Amino acid sequence: MDEVLQDIFDITGLLMNGSVAGIGIGVPSVVDVEKGIVYDVQYIPSWKEVPLKEIMEERYGIPVFVNNDANCFALGEFYFGKGIGADHMIGLTIGTGIGAGIIINRRLYAGPNCGAGEFGMVDYLDRCYEYYGSGQFFQNVYQTDGQTVFERAKAGDVQAQQWYAEMGTHLGNAIKMILYTYDPPLIVFGGSVRHAYPYFQHTMWERINSFAFSKSLPRLRIELSELHNSGILGAAGLYYNAL
Amino acid sequence: MNPKVIIGIDLGATNIRGGLVTGEGITGTQQGLYAVKELWTKFYRIYLILPVC
């Protein structure tokens, strides 16, 4: 735990100056947002329960906000990207899984356990949505990795493009589920899979267009993130969101 | 836009990245520091322990 904390202190020390009003931190884990405690951080085995907010506030004496990375992605888009001006939106990260941040009435809704928007974990077919509707699909169903499929699709490989089309059908079903639950006017895609959008958009929209409330669909926009550093921007956005 | 200066830190899968942010975007230096020393230590342990088992 100490090594990673020291890295956070090092990078904060490099950036800190007298004008800094607060610190926002995005982490790939469940977070007790109020207390700023992070639990079971992916990729950092020793971070089972770390009171990150308390540690940072004691050290730097300014407000610190901690939230999970998908929520930070959504805030980054809301304040600095495709979500500028939106009242409601969903930031959907599609990589090796599906994560999401939900903005309602210009505020992040994370839930008391920071678990809101875990759409990828919802049961679907014999598994869950992210098993079929994210980059996992290629490994789970065709035993190959997403990067290889992407390169093949770009090179014109019809089979790879077909696999993307299949994934798009599942992702479209996931988006329909999101429409039924939140009716967002804007969904911004992040994550590596968005780069393959041309290969799955057609089948994805076929499924979305079967949404029962057809009058809603003309008001739905799906955009691809173009932000660099959306994680950093969104982490800082945690401060603005708290004002 | 909010003019306050905030440090944003992204604790990613393979590294930690941070930047100074205002309402206009990132204005200050960004740094990337690898935070996976612990992870590599764990992997080494796994590779070392597995043959023994």
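Quick note: structure is the one above.
Residues numbered from 1 in each chain as written. Chains lettered and ligands numbered in written order. Predicted model: local features only at pLDDT ≥ 70, side-chain atom pairs only at ≥ 80, totals over all residues. Heavy atoms only, no water.

Engineer: Explain the sheet that holds strand β7 (residues 98-104) of chain A to me, using residue names and the numbers behind them.
Structural biologist: All names here are of chain A. Reading across the sheet, the five strands line up as β8-β7-β6-β11-β12 and stay open at both edges, with mixed pairing between neighbours. The open sheet has two free edges, formed respectively by β8 (107-109) and β12 (221-224), since each of these has just one partner strand. Taken pair by pair, the neighbouring strands of this sheet meet at an average axis angle of 25°, ignoring direction. Relative to β7, strand β6 (residues 89-94) runs antiparallel, the two being bridged by six bridges. Among the inter-strand pairings, Ile90 is bridged to a residue of β7, identified as Ile102. Where helix α7 (residues 158-182) meets the sheet, its contacts fall on β6, β7, β11 (186-190) and β12, and the angle it forms with β6 comes to roughly 155°. (Pairing = 2+ DSSP bridges. Helix = DSSP H or I, 4+ residues; strand = E, 2+ residues; numbered from the N terminus. Axes fitted to C-alpha atoms, helices over the stretch in contact; angles between N-to-C directions. Contact = heavy atoms within 4.5 Å.)

Engineer: Which residues make up the pairing of β11 of chain A, and what values do they have?
Structural biologist: Residue and element names in this part refer to chain A. With five of five residues buried, β11 is to be regarded as a mostly interior element. Neither face of β11 is open: one carries Leu186, Val188 and Gly190, the other Ile187 and Phe189, and all of them are buried. Where β6 and β11 come together, four bridges link them in parallel fashion. Bridge pairing in β11 links Leu92 to Phe189. Here β11 runs beside β12; their pairing, made up of four bridges, is parallel. Looking at the pairing, Ile187 lines up with Ile222 of β12. With helix α8 (residues 197-208) bridging β11 and the parallel β12, this β-α-β connection has right-handed handedness. (Buried < 20%, exposed > 50% of the residue type's maximum accessible area, 1.4 Å probe, protein only. Right-handed = clockwise from strand over helix to strand, strands pointing away.)

Engineer: Outline the sheet that holds strand β4 (residues 49-50) of chain A, listing residues and values.
Structural biologist: Through backbone hydrogen bonds, the strands of a sheet pair up, either in parallel or in antiparallel fashion. Residues and elements named next belong to chain A. Strand order in this open sheet of three strands is β2-β3-β4, and the pairing throughout is antiparallel. Only two strands of the sheet have a single neighbouring strand rather than two, namely β2 (30-32) and β4. Strand direction decides the pairing type here: strand β3 (residues 37-39) and β4, joined by two bridges, are antiparallel. In the sheet register, Val38 faces β4, and the bridge partner there is Val50.

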